[in-house]
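# Structural description and commentary
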Amino acid sequence: MTSESDRTAAVRIDWDAQAATFDAEPDHGLGPPEVRAAWAERLRTWLPGHPADLLDLGCGTGSLALLAAEQGHRVTGVDSSPAMVERARAKLAGRDAVFLVGDAAAPPVGEGLFDTVLVRHVLWALPDPARVLRHWRALLRPGGRFVLVEGVWGTQTPVGVPAGRLTALLAPLAADVRLERLSEQTVLWGKEVHDERYAVVATV
């Protein structure tokens, strides 16, 4: 679905320059109270019900990381943009959270340290998603889980990872794979959307 040129274009975005206005989008900054509450409720159903070690890859300004920390989880965030990481550190100041500059595909963390790998709208832009998922699998403890929020955007030249492809890639890596459709949950996005948006929770 996503061509190499699409991924290259995503990589070429100046995320440092985007950082100052990134949170202006309702589903990025989670500014509207109803959007924030909707994502918080989703995370409660997706994340472990006890304090856990969570790795947020492509964490951006830390909006989801903050919700996870507020729910008692210990958060490590990784993003390739120093400006995004700086904003995430400020947003979670005083929380049980650390943020690192690094590649989401090969984050600068050790193996077997996390209960959850959380990724939103990142996998589609990475080369060789199958290889990336195998690497992320090694970062999880036994019984850990993936929480992957992805989709397919655009009509004329769609980009993204279809749900069927992602669940197929996860099948050999996880004991249980659960798909949740999100396109009709307009409160999550702050607007109506007409493309494919979904979450996959996969327990290893």
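Residues numbered from 1 in each chain as written. Predicted model: local features only at pLDDT ≥ 70, side-chain atom pairs only at ≥ 80, totals over all residues. Heavy atoms only, no water.

## Re the nonpolar core
- Leu133, Trp136, Phe146 and Leu166 are the most contacted members of the largest nonpolar core, which totals 33 residues.
- Of all elements in the fold, only strand S1 (53–57), strand S4 (114–120), helix H7 (129–139), strand S5 (140–153), helix H8 (163–170) and strand S8 (196–203) reach the threshold of two or more residues within this core.
- Leave out the neighbours within four places in its chain, and Trp136 touches Leu57, Ala104, Ala105, Pro107, Val117, Val119, Leu123, Leu126, Phe146 and Leu148.
- Judged by nonpolar contacts, the second largest core, of 30 residues, contains Ala40, Leu43, Ala69 and Ala88. (Core = buried A, V, L, I, M, F, W, Y, C linked by side-chain atoms within 4.5 Å. Buried < 20%, exposed > 50% of the residue type's maximum accessible area, 1.4 Å probe, protein only. Helix = DSSP H or I, 4+ residues; strand = E, 2+ residues; numbered from the N terminus. Contact = heavy atoms within 4.5 Å.)

## Quick notes on the side chain of Ser63
- Along the chain, the position of Ser63 falls in helix H5 (residues 63–70).
- With a relative accessible area of 5%, Ser63 lands in the buried category.
- Here Lys91 takes part through its side chain, which lies 2.9 Å from a polar atom of the side chain of Ser63.
- Filtering out sequence-adjacent residues up to four positions away, Ser63 remains in contact with Asp23, His28, Gly29, Leu30 and Lys91. (Polar contact = N/O pair within 3.5 Å; in protein donor to acceptor, adjacent residues only side chain to side chain.)

## Some thoughts on the pairing of S5
- Burial analysis of S5 places 10 of its 14 residues in the buried class, which makes it a mostly covered element.
- Between the parallel elements S4 and S5, the chain passes through H7 in a crossover that is right-handed.
- In this structure, S5 lies alongside S8, joined through 8 bridges in antiparallel fashion. By the bridge assignment, Gly151 is partnered in S8 with Arg197.
- Across 2 bridges, S5 lies against strand S6 (residues 159–160) in antiparallel orientation. Bridging from a neighbouring strand, Val152 pairs with Gly160 of S6.
- In sequence, S5 turns back onto S6 through a hairpin of 5 residues, with Gly154 there showing a positive phi of about 95°. (Right-handed = clockwise from strand over helix to strand, strands pointing away. Pairing = 2+ DSSP bridges.)

Nothing here speaks to function; it is geometry throughout.
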